[in-house]
Amino acid sequence: MWIFSSPKVVFGDDALEYLENLRGQRAFFVTDANMVAFGFVDQVQQRLAAAGLESAVFAEVEPNPSLQTVRRAAEIMAAYEPDWVIGLGGGSAMDAAKAAWLLYERPDADPTAINPMEEYGLRQKARLIAIPTTSGTGSEATWATVLTDTELQMKLSMGTPELLPDLAIVDSSLVLGLPPRITADTGMDVLTHAIEAYTSTLANDFSDGMALKAAELALTYLPAAYADGADAEARGRMHNAAAIAGIAFGNSMLGLSHAMGHSLGAVFHVPHGRSVGLFLPYVIEFTANGGGTRYADIAHFLRLPAGDDEAAGAAALVAALRDLAQQIDFACSIQALGIARDAFEQALPKLVANAEADNQLFFNARFADSDDLARLFMCAYEGRPVDW
Ligand SMILES: [Zn+2]
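Below you will find a few notes about this structure. Quick caveat, the model's predicted, so the values are computed rather than measured. (Residues numbered from 1 in each chain as written. Predicted model: local features only at pLDDT ≥ 70, side-chain atom pairs only at ≥ 80, totals over all residues. Heavy atoms only, no water.)

## Notes on the sheet that holds strand β2 (residues 26–30)
The condition that has to hold: A strand pair is defined by DSSP finding two or more bridges across the two strands. Secondary structure elements follow DSSP: runs of H or I of four or more residues count as helices, runs of E of two or more count as strands, with numbering from the N terminus. Axes here refer to lines fitted to C-alpha atoms; in helices the fit is confined to the stretch in contact. Angles between the N-to-C directions go from 0 to 180 degrees. Here, residues are in contact when the closest pair of their heavy atoms is within 4.5 Å.
The parallel open sheet is built from six strands, whose spatial order is β1-β8-β5-β4-β2-β3. A single partner strand is all that each edge strand has here, and the edge strands are β1 (8–12) and β3 (54–58). Neighbour-to-neighbour, the strand axes of this sheet turn through a mean angle of 20°, independent of strand direction. Across six bridges, the pairing between strand β4 (residues 84–89) and strand β5 (residues 127–132) is parallel. Along β5, the bridge assignment pairs Val-85 with Leu-128. Seen against the sheet, helix α4 (residues 91–105) touches β2, β4 and β5 and runs at an angle of roughly 160° to β4. In the packing of helix α7 (residues 232–250) onto the sheet, contacts are made with β1, β5 and β8 (167–171), and the angle to β8 comes to roughly 155°.

## Thoughts on the nonpolar core
Formally: We call a set of buried Ala, Val, Leu, Ile, Met, Phe, Trp, Tyr and Cys residues a nonpolar core when their side-chain atoms join them within 4.5 Å. Burial here depends on accessible area, computed with a 1.4 Å probe over protein chains only, as a share of the maximum for the residue type. Under 20% is buried, over 50% is exposed, and the range in between is partly exposed.
Of all hydrophobic cores here, the largest spans 45 residues; its most connected members are Leu-191, Ile-195 and Ile-284. Counting only elements with at least two residues in this core, the list comes to α5 (180–199), α6 (205–227), α7, α9 (272–289), α10 (295–301) and α11 (310–327). Ranked by residue count, the leading element in this core is α6, at eleven residues. Dropping the residues within four chain positions of it, Leu-191 is found in contact with Ala-215, Ala-218, Leu-219, Leu-321 and Leu-324. Judged by nonpolar contacts, the second largest core, of 31 residues, contains Ala-74, Met-77, Tyr-104 and Ala-126.

## Let's talk about the coordination of the zinc ion
Octahedral metals with six donors have ideal donor angles of 90 or 180 degrees. Tetrahedral metals with four donors have an ideal donor angle of 109.5 degrees. Short version of the rule: For Na, K and Ca the donor cut-off is 3.2 Å, and for all other metals it is 2.8 Å, counting N, O and S atoms only; because water is absent from this set, sites may look incomplete. Any site counts as irregular unless it has four donors with all angles between 85 and 135 degrees, making it tetrahedral, or four or six donors with opposite ones more than 155 degrees apart and the rest between 65 and 115, making it square planar or octahedral.
Ligation of the zinc ion by protein atoms is provided by Asp-189 (OD), His-193 (NE2), His-258 (NE2) and His-272 (NE2), these donors lying 2.1 to 2.2 Å from the ion. Metal-centred angles of 85 to 163° between the four donor atoms at the zinc ion mark the site as irregular. Mapped onto the sequence, the donors of the zinc ion take the spacing D-x3-H-x64-H-x13-H. You can see Asp-189 and its partner His-193 sitting in helix α5, four residues apart, about one turn around the helix. Accessibility expressed as a relative area gives 2% for Asp-189, which makes it buried. A residue is classified by how much of its surface remains accessible, and His-193, at 2% relative accessible area, is buried.

## Quick notes on the pattern of salt bridges
Selection rule: Put simply, a salt bridge is a Lys or Arg side-chain nitrogen that is within 4 Å of an Asp or Glu carboxyl oxygen.
Summed over the entire model, instances satisfying the criterion amount to 13 salt bridges. When the shortest N-O distance is used, the salt bridge between Asp-208 and Arg-294 registers 2.8 Å. Taken as a pair, Asp-208 in helix α6 and Arg-294 in the loop between α9 and α10 lie far apart in primary sequence, 86 residues in all. Asp-208 sits in the buried class, given a relative accessible area of 11%. Linked through salt bridges whose partners overlap, the residues forming this network are Arg-341, Glu-345, Glu-382 and Arg-384.

Here it is in structure tokens:
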């Protein structure tokens, strides 16, 4: 038995208006200081007020939110007793909202041990709305939650299907004018979600269509969104693509690019999309070398110049990614990120150990052991093709 899950998704450049129909008493925002400064919190609060809801704001979420921040948000939330929790911002704010909401519902839960096997009985006190202001993580449409343990320098990928937001507001007016660097990083995250979701060992009939469509949208519209932050068409399509890719991987999981990307991001503080997007071509080569993958399907759907066999499909996909990277000025090696070789080699055992502890490792179509991971990290550092 399989279950396909998705939040209710409201999309378009006027999607925020939907909130004027919300029923409830009190809403609690989990967000960051920029969302207040840009006036986004105010915009949402006005819609809530029209629906007769009061609201309070926790605006202290940092990039790569820590457990400590989440606990603090949960405490303040508990005192306010909201019946709606709103995660507003990028992946960090939405993930922090999920985790803080869980602790509000279940103060006894251990946030480091949240897992899909346990029943948490959420939604006794509140329901969750996610409003993304970047087009990347797809956190608005998934139950995945990534926190950072700052002391251990590692990412905690946690989650239970109960953390899937009830409502995702995918309003493209919130992403107009995003800077090019953020556009490139988050857009590569979308593409990585789409490709890893389609090639994961848990890919299925329901997730496949979402994955292919998201890949097509991202490959088509990312260059335009990068070149002109105010291109409403490109922005809207990328915003949809992020949520669609989220629904895809939320129902099929990811792969090695995310296991390695989480690891590099935690040790060297590389933004999530920059990190996972960098590994993607290397992971495609590694996985395709093992045979029996589905990259030719993707290449075919994207109308890339590829034959029918797997190797040609994978090669065409890697070539398209390299071409895209050039268009959006995206680093193709770890060295190009400015990380010194000494520091990298010294961190290699930690990088491998982190990746091995990441659950996304197990959904990659070709399994990577410690030796493979160390070699893959070195290929990605030097920008060398993967030849085994
Ligand atoms: Zn991602």
